[in-house]
Amino acid sequence: MSSDLKSGFRVWLDADSCPAVVRKIILKNSTNNSVPVVFVANRNIPVDFESELFSMVVCPKESGAADEYIVSHIGPNDVAVTRDLPLVGRLLEKGCTVMNDRGTLFDRKKIDYMLEERELSMQMASLGIRTGGRSDGFGKDDVKKFADCFCSLIRKRVSENS
């Protein structure tokens, strides 16, 4: 992959569990701003979209293969979209910008807190204690929050690199 990017950065998507509506937002906005997008997954993700800015990397089906690919190829100026909390921590260590598919931008403090909360929930679950965590439903508010955050981030990054 060329380091001679017109936009100065790429968007990397941990695509295995990303909702189709989020994928469309990423592709449309990135194309409108001439930002390359790399989908990485353990299977081919169906996308009815063609552009020289879009690429799909299909990794082996072994656990963590897509995460390893992203970590080993992402650059410090790049943007990643993932809901995988341990992956978020690794990507932040590389200096890139990371957000999830619900429009949450991560920093070190936020991910450390979320990882601790996740660990506590797992420990409580192993003891048979239900924590009453939030639903995994993905609704219109989530889509709007993601679109607003992603589009704003991409516009800002493009203007910084102009």
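Residues numbered from 1 in each chain as written. Predicted model: local features only at pLDDT ≥ 70, side-chain atom pairs only at ≥ 80, totals over all residues. Heavy atoms only, no water.

(A) Spatial organisation of the nonpolar core. Ranked by size, the top nonpolar core spans 25 residues in total, and within it V11, I26, F39, V81, F146 and F150 carry the most contacts. The leading source of residues in this core is helix α5 (residues 140–160), at 7 residues. Setting aside chain neighbours within four positions, we find V11 in contact with I26, S30, V35, P36, V37, V38, V79, V81, F150 and I154. Residues C59, A65, I74 and V98 belong to the second largest nonpolar core, which totals 19 residues. (Core = buried A, V, L, I, M, F, W, Y, C linked by side-chain atoms within 4.5 Å. Buried < 20%, exposed > 50% of the residue type's maximum accessible area, 1.4 Å probe, protein only. Helix = DSSP H or I, 4+ residues; strand = E, 2+ residues; numbered from the N terminus. Contact = heavy atoms within 4.5 Å.)

(B) Here's a closer look at the packing of aromatic side chains. The full count for this structure, using the stated rule, is 3 aromatic pairs. Each ring, one from F39 and one from F54, has its centre 4.8 Å from the other, and the planes form 85°; the classification is edge-to-face. On the criterion of sequence distance, the pair formed by F39 in strand β2 (residues 37–41) and F54 in strand β3 (residues 54–58) is long-range, its members being 15 residues apart. By the burial criterion, F39 is buried, and F54 matches it. Aromatic pair F146 and F150: ring centres 5.4 Å apart, planes at 15°, arrangement stacked. (Phe/Tyr/Trp six-rings, centres within 6.5 Å; stacked < 30°, edge-to-face > 60°.)

(C) Broad picture of the sheet that holds β2. The 5 strands are arranged β3-β2-β1-β4-β5 in an open sheet whose pairing can be described as parallel. In this open sheet, the two strands that pair with only one neighbour each are β3 and β5 (97–99). Looking at each pair of strands side by side, their axes are set apart by 20° on average, direction ignored. Pairing of strand β4 (residues 79–81) with β5, which is carried by 3 bridges, proceeds in the parallel orientation. (Pairing = 2+ DSSP bridges. Axes fitted to C-alpha atoms, helices over the stretch in contact; angles between N-to-C directions.)

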